[in-house]
Amino acid sequence: MSLWHIAWSYLWNRKLTTCLTIASVALGVGLIYSVLTLREETRKRFEEEGQIFDVVVGAKGSPLQLVLSALYFMDQPTGNIALSDYEAIRQHEDVAAAFPVGLGDSYHGYRIVGTSRDIFDYTWTNASSGAVKKPFTLAEGQLFDDHMEAVVGSTVAETEGLKVGDTFIGAHGFTELPEGMGHGHENHPYTVVGILAPSGGAMDRVVFCSLDSVWDVHHQDEVGDKADLSEKQVTAVLVSLHSPGSRFEFVDYVNESFNAMATIPVRQIQNLYDNVLGVAKSILLTVGYLVVVISAISILIGLYLSILQRKRDLAIMRALGASASEIVGSVLIEALLVTVMGIFAGWLVGNLVCSVLSVLITQNYGLSISAFGALTSDEITAFSIVALVGLMAGIGPAWQAYRTDVARDLAEL
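Here we summarise the structure given alongside this text. As the structure is a prediction and not an experimental result, all values here were calculated from the model.

Remarks on helix α4 (residues 83-90)
Logical step 1: Looking at α4, one finds that the buried residues are Leu83, Asp85, Tyr86 and Ile89. One face of α4 carries all of its buried residues, which in axial projection span an arc of 155 degrees.

See below:
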């Protein structure tokens, strides 16, 4: 009979204790895996979205707030800039494409974004993979051609049941208010003319229309008539440069030449993860590893009590020719088996947690998170540490088994 079989038999004979120990290991591993996976997946999705445009220009204020509001549609805008500034930026020799963003309204909590029609033809190249991607792809219908025509993201269409030809009313502000509260634009209904294909990004949660539609709704509601084109403003400008290497120079140019602020979105997202979310990650990982340490103590106590209960069995094994090293090996194998099963169970638990949270993240932020993916180097390292901790927890009980007094234990039979 092999040591592995002996170890498994002992674990099987105390199923309840074994299952509880595995569950405690799985809890810590599941927490660690969930934190690492969610952070890595959200980081990749945020940074991928941040690479779509080289520079974001908007009103002076917080650069991160500008990026989150204009590119991810997740925060309050920093303000507006003059339409003439947008026109000057668009005509700059380093600019390959520049698209205006007009914010101010929402539909059931989804942002209504005024922009130019040619943004839907925009493509960009992923710097990491070299793949050419098109963020905006129509699934059905057509692009807006006239005022108060809208192209809705896939999440908006699905959750709100919108189809091509439907109409809806926008409301002032960015949060969904209770029925009868807030400022609605009942006299200016939008008509759905197109629905975007799912992109796995923030665009899925957006209603797109012409910039004039957003501006006209607000101006006519306020003064009852249209103003001159020169009075128009935009919330932000999404800029693609001919050469990404000129981003820093272009940011300096905008900051010095206009009453506006320019920033590089991917840098803001990297700073967000390194300086803000990195702290949250460290705290959660610390909690996860503390749970693993507690689990290791459970393994140690369980094996130690098991050694005390089966002293006679160990004495008989020694009398039948088993060496002290084989006894130690069987105990360490028990610790390893419990730990490995706990790691596997924790991996399953972590993936289930990520799957559930992925749905919530997609619904609330428009970011698609993948569960049950390939293990990252950080996750492999974490699992290795847990396995080592579990194996070390078996050293004490193994030493106790090694020091068994065969003659005394046999005399007690």
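A look at the nonpolar core
Logical step 1: Of all hydrophobic cores here, the largest spans 35 residues; its most connected members are Phe53, Phe120, Val151 and Phe208.
Logical step 2: When residues of this core are traced back to their parent elements, those giving at least two are α3 (63-70), β3 (95-107), β11 (190-196), β12 (206-210), β14 (236-241) and α8 (265-309).
Logical step 3: Other than its neighbours up to four places away in sequence, Phe120 contacts Lys134, Phe136, Leu143, Phe144, Val151, Leu196 and Phe208.
Logical step 4: Grouped together as the second largest cluster of nonpolar side chains are 26 residues, Ala296, Val331, Ala382 and Ala393 included.

Quick look at a nonpolar patch on the surface
Logical step 1: On the surface, Val293, Ile297, Leu300, Ile301, Tyr304 and Leu305 cluster together into a nonpolar patch covering about 510 Å² of accessible area.
Logical step 2: Looking at where Leu300 falls in the secondary structure, it is placed in helix α8.
Logical step 3: Taking the relative accessible area as the measure of exposure, Leu300 reaches 38% and is therefore partly exposed.

What to know about the environment of Glu40
Logical step 1: Tracing the backbone shows Glu40 in helix α2 (residues 15-50).
Logical step 2: The spatial distance from the C-alpha of Glu40 to the C-alpha of Ile369 is 9.5 Å, given a sequence separation of 329 residues.

Things to note about the packing of α2 against helix α11 (residues 377-393)
Between two packed helices, both the angle of their axes relative to each other and the distance between the axes serve to describe the pair.
Logical step 1: Orientation of α2 relative to α11, taken along the N-to-C sense of each, is 165 degrees, at an axis distance of 10 Å. Looking at the two axes, α2 sits roughly antiparallel to α11. Helix-helix and strand crossings are classified by hand; for α2 and α11 the assignment is right-handed. Along the contact surface, α2 presents Val25, Val29, Ile32, Tyr33, Leu36 and Thr37, while α11 presents Asp378, Glu379, Ala382, Phe383 and Val386.
Logical step 2: Of the residues that constitute the contact of α2 with α11, the class distribution is 8 nonpolar, 1 polar and 2 charged.

What about a negative patch on the surface?
Logical step 1: Residues Glu93, Glu249, Asp252 and Glu256 make up a contiguous surface patch of negative charge.
Logical step 2: Structurally, Glu93 can be placed in the loop between α4 and β3.
Logical step 3: Judged by relative accessible area, Glu93 falls into the exposed class, the value being 67%.

Considerations on unusual backbone geometry
Apart from glycine, the bulk of residues carry a negative phi angle, and the bulk of peptide bonds sit in the trans form.
Logical step 1: Phi is positive for Phe73, which is not a glycine, with a value near 55 degrees.
Logical step 2: In this structure, Phe73 sits in the loop between α3 and β2 (81-82).
Logical step 3: Classification of Phe73 as buried rests on a relative accessible area of 12%.
Logical step 4: Even without glycine at this site, His108 takes up a positive phi of about 55 degrees.
Logical step 5: Counting through the fold element by element, His108 comes out in the loop between β3 and β4 (110-115).

Calculation rules
- The residue numbering used here restarts from 1 in each chain and proceeds along that chain's sequence as written.
- A pLDDT threshold of at least 70 governs which residues receive local features in this predicted model, and a stricter bar of 80 or more applies before side-chain atom pairs are shown or counted, although totals over entire chains, interfaces and linings include all residues.
- Hydrogens and water molecules were not included; the side-chain quantities draw on all heavy atoms of the structure.
- Categorising residues by exposure relies on relative accessible area from a 1.4 Å probe, with only protein chains included: less than 20% of the type maximum marks a residue as buried, more than 50% marks it as exposed, and the intermediate range marks it as partly exposed.
- Only DSSP runs of H or I reaching four residues or more are called helices, and only runs of E reaching two or more are called strands; each is numbered from the N terminus.
- Regarding the arc, it is the one traced by the directions from the helix axis to the C-beta atoms.
- Residues belong to a common nonpolar core when they are buried Ala, Val, Leu, Ile, Met, Phe, Trp, Tyr or Cys residues joined through side-chain atoms within 4.5 Å.
- In this description, contact between two residues means that some pair of their heavy atoms is separated by no more than 4.5 Å.
- Patches here are clusters of residues that have more than 30% relative accessible area and form no salt bridge, with a 9 Å joining cutoff for like charges and a 5 Å cutoff for nonpolar side chains (Val, Leu, Ile, Met, Phe, Trp, Tyr).
- Areas reported as accessible are Shrake-Rupley estimates using a 1.4 Å probe. Residue values count occlusion only from the protein chains shown.
- Here a salt bridge means any side-chain nitrogen of Lys or Arg lying within 4 Å of a carboxyl oxygen belonging to Asp or Glu.
- To define axes, lines are fitted to C-alpha atoms, for helices over the stretch in contact only, and angles between the resulting N-to-C directions are given on a 0 to 180 degree scale.
- Geometric relationships in this document are graded by angle, where less than 35 degrees denotes roughly parallel, more than 145 denotes roughly antiparallel, 65 to 115 denotes roughly perpendicular, and other angles denote oblique.
- Crossing chirality is assigned from the near helix's rotation relative to the far helix, an anticlockwise turn below a right angle marking it left-handed and a clockwise turn marking it right-handed.
- Residues were grouped as follows: Ala, Val, Leu, Ile, Met, Phe, Trp, Tyr, Cys and Pro as nonpolar; Asp, Glu, Lys and Arg as charged; and all remaining residues, including Gly, as polar.
- Only four residue types enter the charge count: Lys and Arg as positive, Asp and Glu as negative, with His and the chain ends excluded.
- The location of each charge is read from NZ of Lys, CZ of Arg, CG of Asp or CD of Glu.

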